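# Report on the structure
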Amino acid sequence: MNVQAQTTRETILDAAEAIVTEAGSARMTLESIAQRAGVSKGGLIYYFRSKHALLEAMIDRMLDRWNELRDQIYAELPESPTRFLQAEIMTFRRIHQEHQCVSAGLLAVVANQPQLLEPVRRLHRERLKHMLAQPQVFDKSALLMTVIDGFVMQDLFQVCPYDNAQREAILDALLREAQALGEAAAGASPADPPADKN
């Protein structure tokens, strides 16, 4: 795909995300997307043969953004049992700060074709695999990861009660918890007995 074609394709996806974010998934039709993107309906169908194909592309782009940024951040972090968790928290923060739409693609798919959520399920299975690889911090890592997922769900349904300052403070606290958890686990001797949970 040449540069112009790629640009047009991205413009169409941007338009679809904007419509879902501003007006809801019910307003996301091929006609409304074409109008918002400044292309004909025929031009839109050239890139996306159906609404199904468009929804697939929205999910793929959302996950590609997340994974690429997460991998970049992960590579820059020092070794730690919670390195992956820290990268996930920082990825969510960066995407939110840059006002990229995390949830518009999800909302459109949930409302129209929930069977297309399999790539999202794969992402969560991959996260679980990473956390299970560090069993000494699994329970607390899973707890912190679930908080991030809660933020995504709040964004998805546009019910987040926090302003930007409050959200940043919460993310700061999550990151501090993840870093402290990693440092504590890295400093523990393999011979140390597990902490008594009773």
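Rules behind the numbers
- Residues numbered from 1 in each chain as written.
- Predicted model: local features only at pLDDT ≥ 70, side-chain atom pairs only at ≥ 80, totals over all residues.
- Heavy atoms only, no water.
- pLDDT = per-residue confidence, 0-100.
- Helix = DSSP H or I, 4+ residues; strand = E, 2+ residues; numbered from the N terminus.
- Contact = heavy atoms within 4.5 Å.
- Core = buried A, V, L, I, M, F, W, Y, C linked by side-chain atoms within 4.5 Å.
- Buried < 20%, exposed > 50% of the residue type's maximum accessible area, 1.4 Å probe, protein only.
- Patch = residues over 30% accessible without salt bridge, like charges linked within 9 Å, V, L, I, M, F, W, Y side chains within 5 Å.
- Areas by Shrake-Rupley, 256 points an atom, 1.4 Å probe, with all protein chains shown as cover.
- Salt bridge = Lys/Arg side-chain N within 4 Å of Asp/Glu carboxyl O.
- Phe/Tyr/Trp six-rings, centres within 6.5 Å; stacked < 30°, edge-to-face > 60°.
- Polar contact = N/O pair within 3.5 Å; in protein donor to acceptor, adjacent residues only side chain to side chain.
- Axes fitted to C-alpha atoms, helices over the stretch in contact; angles between N-to-C directions.
- Left-handed = near helix turned anticlockwise from the far one by under 90°.
- Nonpolar A, V, L, I, M, F, W, Y, C, P; charged D, E, K, R; others polar.
- Expected span 1.5 Å × (residues − 1).
- Arc of directions from axis to C-beta.

When pLDDT is averaged along the protein, the result is 86, and 89% of the positions lie at 70 or above. Here helix 6 (residues 104-112) stands out as the element of the protein with the lowest mean pLDDT, 67, in contrast to helix 9 (residues 164-187), whose mean of 95 is the highest. For the stretch residues 189-198, pLDDT sits under 50, and the model shows one contact to residues farther than four places along the chain or on other chains.

On to the nonpolar core. Counting residues in each nonpolar core, the largest one holds 25 residues, and the members touching the most others are I12, M28, I33, L44, F48, L54 and M58. For this core, the secondary structure elements donating two or more residues are helix 1 (3-23), helix 2 (30-37), helix 4 (51-76) and helix 7 (118-132). A total of seven residues in this core trace back to one element, the largest contributor, which is helix 4. L44 has contacts with I12, L30, I33, A34 and V39, leaving out every residue within four places of it along the chain. Counting 21 residues, the second-largest nonpolar core is a separate cluster that includes M131, L144, I148 and V152.

A surface patch of nonpolar side chains, about 300 Å² in accessible area, is lined by M153, F157 and V159. Mapped onto the elements of the fold, M153 is located in helix 8 (residues 138-156).

This next bit is on the packing of aromatic side chains. This structure, assessed with the given rule, holds four aromatic pairs. Considering the side-chain rings of F92 and F151, the 5.6 Å spacing of their centres and the 15° angle between planes classify their relative orientation as stacked. Linking F92 in helix 5 (residues 83-97) with F151 in helix 8, this pair joins segments that are 59 residues apart in sequence. Judged by relative accessible area, which is 0%, F92 ranks as buried. The class for F151 is buried, based on a relative accessible area of 3%. Centre to centre, the rings of F151 and Y162 are 6.1 Å apart; their planes meet at 75°, and the pair counts as edge-to-face. One end of the pair, F151, is in helix 8; the other, Y162, is in the loop between helix 8 and helix 9, with 11 residues separating them in the sequence. Clustering of aromatic rings is evident, with ring pairs tying together W66, F92, F151 and Y162.

In the structure shown here, the tally under the stated rule is 15 salt bridges. Taking the shortest distance from any N to any O, the salt bridge between E118 and R121 comes out at 3.7 Å. With a gap of three residues between them, E118 and R121 both fall in helix 7, about one helical turn apart. By relative accessible area, E118 is classed as partly exposed at 29%. Note that R125 and E118 form a salt bridge whose closest N and O atoms lie 2.6 Å from each other. Among the ionic contacts, a cluster of salt bridges with common partners joins E10, D14, E17, R61 and R65.

The subject of this paragraph is the side chain of R93. Looking at where R93 falls in the secondary structure, it is placed in helix 5. For R93, a relative accessible area of 15% gives the class buried. Polar side-chain contacts of R93 include one of 2.9 Å to the backbone oxygen of E168. Not counting residues within four places of it along the chain, the set of residues in contact with R93 comprises E168, L171, D172 and L175.

This paragraph deals with the packing of helix 1 against helix 2. Where helix 1 contacts helix 2, the axes come no closer than 8 Å and their chain directions differ by 115°. Crossing handedness for the pair helix 1 and helix 2: right-handed. In this structure, helix 1 contributes T11, I12, A15, A16, A18, I19 and E22 to the contact, and helix 2 contributes S32, I33, R36 and A37. Partitioned by chemical class, the residues of the contact of helix 1 with helix 2 number seven nonpolar, two polar and two charged.

Compared with the 27 Å implied by 1.5 Å per residue over 19 residues, the 26 Å span of helix 8 between its first and last C-alpha is a close match. Regarding helix 8, the residues found buried are S141, A142, L144, M145, I148, F151, V152 and L156. Along the long axis of helix 8, the arc covered by the buried residues comes to 165°, so they all point the same way. Opposite the buried face of helix 8, by more than 90 degrees, sit the exposed residues K140, L143 and T146. Of the residues one or two after helix 8, Q158 is the one with positive phi, at around 55°.

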